[in-house]
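# Coordinate inspection notes
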Amino acid sequence: MNTVTSGDGTSIAFERFGEGPPVILVGGATTDRAMTRPLAEELAKDFTVSNYDRRGRGDSGDTPPYAVEREVEDIGALIAEAGGTASVYGHSSGAVLALHAAAYGLPIARLVMHEPPFAPDNEAERRTSREYGEKLRTILAEGRRGDAAALFMTTAGMPEEMVEGMRGEPWWAGMEAVARTLLYDSEVMGDVSRGGTIPTELLGAVSAPTLILCGGASPEWMIDVGRQTSDGLPNGRLDVLEGQEHVVPPEILAPVLTEFFTTGGD
């Protein structure tokens, strides 16, 4: 394990794999570097991969108060450690954090956003996102981490009875340990401030070649917001991975990323 120090003094833990052009992996909600390690190991055949724990997770520190800008600075510290420029892959809400980083002007050579879970732009979906963000704030302020994890899962579409059954599993303690960072992802997504919809002002600020990935077996709304995101980027394109859902096996995903990071789709 290695560490870098972010702008506010927070220690960010990461692992380095392979040799070649630098790539940084940004995980989504509840994800730590153990979950993205298999993809890092696949990409390490062609790249130097930095696989890190987002702040508040795993071996990384945390410094309140939270702001999305602090997580952007974390990515900036990793890019600086990697040599000053890097390509970035982000999954789910991690893809939206990567978008913030690119729009902020970090030296990102190429960007991949894998199924950014923006809400469709209608009042019902915006209201659902706002209600989730507000309820999550209340639950976490009361210290109810297990309830926060359950809220996240049911909002993502998991049946309540299934989630209740999961509370007795040995791994549930790990979910509770990172549950407070669900609020970080909610801030990244703009659930309360924007109803979780696409931040068009950020898209226009991204100059790096950007690939939006969606699974062909994912819900149609996910593919639609992926297409809208791609269309709003100055240098964006959409690829649909036929037969795949939100989580793609590393052996299928890595060749797609390698091709884009190497050629930019040219």
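Residues numbered from 1 in each chain as written. Predicted model: local features only at pLDDT ≥ 70, side-chain atom pairs only at ≥ 80, totals over all residues. Heavy atoms only, no water.

## Describing helix α5 (residues 145-155)
By the burial criterion, the buried members of α5 are G146, A148, A149, A150, L151 and M153. Buried residues in α5 make contact with α4 (123-141), α6 (160-166), α7 (172-178) and α8 (182-189). Once α5 ends, the next one or two residues include G157, with phi positive near 110°. (Buried < 20%, exposed > 50% of the residue type's maximum accessible area, 1.4 Å probe, protein only. Helix = DSSP H or I, 4+ residues; strand = E, 2+ residues; numbered from the N terminus. Contact = heavy atoms within 4.5 Å.)

## Side note on the layout of surface pockets
Here the largest pocket defines a volume of roughly 1,200 Å³. Lining the largest pocket are 44 residues; nearest its centre among them are S92, S93, P117, F152 and H246. Elements with a minimum of two residues in the lining of the largest pocket: α1 (33-43), β5 (86-91), α4, α5, α8, α11 (220-232) and α12 (250-263). For the lining of the largest pocket, a count of residues per class yields 22 nonpolar, 17 polar and 5 charged. Computed from the structure, the second largest pocket encloses a volume of approximately 150 Å³. For the second largest pocket, the full set of lining residues is K135, I139, R144, D147, A150, L151, T154, E160, V163, E164 and R167. Sorting the residues of the lining of the second largest pocket by element identifies α4, α5 and α6 as the ones contributing at least two each. No other element matches the 4 residues that α5 contributes to the lining of the second largest pocket. A breakdown of the residues in the lining of the second largest pocket according to their chemical character gives 4 nonpolar, 1 polar and 6 charged. (1 Å grid on protein atoms, 1.4 Å probe; cavity = no way out; pocket = protein on both sides within 12 Å on 5 of 7 lines; lining within 4 Å. Points joined across faces, edges and corners; volume = space filled by probe spheres on them. Nonpolar A, V, L, I, M, F, W, Y, C, P; charged D, E, K, R; others polar.)

## Overview of the packing of helix α3 (residues 93-104) against α8
It is at 9 Å that the axes of α3 and α8 come closest, and there the two elements cross at 55°. On the basis of their axis angle, the class for α3 and α8 is oblique. Both α3 and α8 take part in a crossing whose hand is left-handed. Across the interface between the two elements, S93, V96, L97 and H100 from α3 touch D185, V188 and M189 from α8. Taken together, the residues of the contact of α3 with α8 break down into 4 nonpolar, 2 polar and 1 charged. (Axes fitted to C-alpha atoms, helices over the stretch in contact; angles between N-to-C directions. Parallel < 35°, antiparallel > 145°, perpendicular 65-115°, else oblique. Left-handed = near helix turned anticlockwise from the far one by under 90°.)

## Concerning the environment of G195
Looking at the element boundaries, G195 is found in the loop between α9 (191-194) and α10 (200-203). Given the relative accessible area of 0%, G195 is considered buried. For the pair G195 and D121, spaced 74 residues apart in the sequence, the C-alpha separation amounts to 8.4 Å. Each residue touching G195, except ones within four places of it in the same chain, is listed here: A119, E125, R126, S129, R130 and G190.

## As for the nonpolar core
Counting residues in each nonpolar core, the largest one holds 38 residues, and the members touching the most others are I24, Y52, I75, L97, I108, L111 and F118. The element that contributes the greatest number of residues to this core is α3, accounting for 8 residues. Each residue touching L97, except ones within four places of it in the same chain, is listed here: V26, Y52, R54, V68, E71, V72, I75 and V188. Of all hydrophobic cores here, the second largest spans 21 residues; its members include F17, L25, L39 and L211. (Core = buried A, V, L, I, M, F, W, Y, C linked by side-chain atoms within 4.5 Å.)

From the geometry alone we can't say anything about function, so treat these as descriptive.
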